[in-house]
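What the coordinates show
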Amino acid sequence: GDSVTQMEGPVTLSEEAFLTINCTYTATGYPSLFWYVQYPGEGLQLLLKATKADDKGSNKGFEATYRKETTSFHLEKGSVQVSDSAVYFCALSRGNNNDMRFGAGTRLTVKP
Amino acid sequence: NAGVTQTPKFQVLKTGQSMTLQCAQDMNHEYMSWYRQDPGMGLRLIHYSVGAGITDQGEVPNGYNVSRSTTEDFPLRLLSAAPSQTSVYFCASSLGPAVYEQFFGPGTRLTVL
């Protein structure tokens, strides 16, 4: 079945460091790919998405490119801030139903 | 707009008890979903609804019931609670299927003793 694998955390970075969180997926067909973010004590929020191969999603300085050849959707940010500390989830959705598969989440801590 | 609201925020149950987790949204979204979040496993879909009167099972439906009598409300019922149902439960809503942005509630932390 469909699944998402993301790099295990936790990840700890200093402010202004470069961030990469790896995400790979297994799915038949052409899924849509997402990054959701969960700040402490809150529900998840959509960070960015891409719906077809080679699309780049971007938001708040974060970027991810849908790579069908490597079945990947890695999240990157050039300069992280303390306010980026959160748990990041990679997810996929395939087809016209409401079934969404999430990765296990990666906790990011950014220190001043 | 309140968005997606969930009650209660915290709940402790004994094994075998039943309860209902409430979820409401004021965005007129047709699609609503229930997820559980467990450490190291991300979110897993329990049940979802594509409109009033229409529900379907997700990845982990056993032990849970849902109904959708109105567009706004989507309660999740635990029929006979088990320790394996200790988790954080999130309700979400969206305009359409999961390719659309899902809006999540703040969650309910449930402990079953």
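Residues numbered from 1 in each chain as written. Chains lettered and ligands numbered in written order. Predicted model: local features only at pLDDT ≥ 70, side-chain atom pairs only at ≥ 80, totals over all residues. Heavy atoms only, no water.

1. Brief notes about the overall build of chain B
- From N to C terminus, chain B includes 0 helices and 11 strands.
- In chain B, the order of α-helices and β-strands from amino to carboxyl end is β-β-β-β-β-β-β-β-β-β-β.
- Over its C-alpha trace chain B gives a radius of gyration of 13 Å, about what one expects of a compact globule, namely 13 Å for 113 residues.
- Counting only C-alpha atoms, chain B reaches 35 × 30 × 25 Å along its principal axes. (Helix = DSSP H or I, 4+ residues; strand = E, 2+ residues; numbered from the N terminus. Rg over C-alpha atoms; globule rule 2.2 N^0.38 Å.)

2. Re the interface of chain B and chain A
- Each partner contributes to the interface: chain B provides 24 residues, whereas chain A provides 22 residues.
- For the pair chain B and chain A, the number of links is 1 salt bridge.
- We note a salt bridge from B:E59 to A:R101, for which the minimum N-O separation is 3.8 Å.
- Applying the counting criterion to the chain B and chain A interface returns 2 residue pairs in polar contact (both at pLDDT 80 or more).
- Broken down by element, the side of chain B that touches chain A gets its largest block of residues, 5 residues, from strand β4 (residues 31–38) of chain B.
- For the side of chain B that touches chain A, the per-class residue count stands at 14 nonpolar, 8 polar and 2 charged. (Contact = heavy atoms within 4.5 Å. Salt bridge = Lys/Arg side-chain N within 4 Å of Asp/Glu carboxyl O. Polar contact = N/O pair within 3.5 Å; in protein donor to acceptor, adjacent residues only side chain to side chain. Nonpolar A, V, L, I, M, F, W, Y, C, P; charged D, E, K, R; others polar.)

3. Details of the packing of aromatic side chains
- Enumeration over the complete set of coordinates arrives at 10 aromatic pairs over all chains.
- Aromatic side chains A:Y25 and A:Y66 sit 6.1 Å apart centroid to centroid with 85° between the ring planes, which places their arrangement in the edge-to-face category. With A:Y25 in strand β4 (residues 23–26) and A:Y66 in the loop between β8 (62–65) and β9 (75–77), this residue pair connects regions lying 41 residues apart in the sequence. With respect to burial, A:Y25 and A:Y66 carry one shared label: buried.
- Aromatic side chains A:F89 and A:F102 sit 6.4 Å apart centroid to centroid with 85° between the ring planes, which places their arrangement in the edge-to-face category. Placement of the pair is A:F89 in strand β10 (residues 86–93) and A:F102 in strand β11 (residues 100–102), with a sequence separation of 13 residues.
- Here a set of aromatic residues connected by ring pairs shows up, and it is made of A:F34, A:Y36, A:F89, A:F102, B:Y35, B:F90 and B:F104. (Phe/Tyr/Trp six-rings, centres within 6.5 Å; stacked < 30°, edge-to-face > 60°. Buried < 20%, exposed > 50% of the residue type's maximum accessible area, 1.4 Å probe, protein only.)

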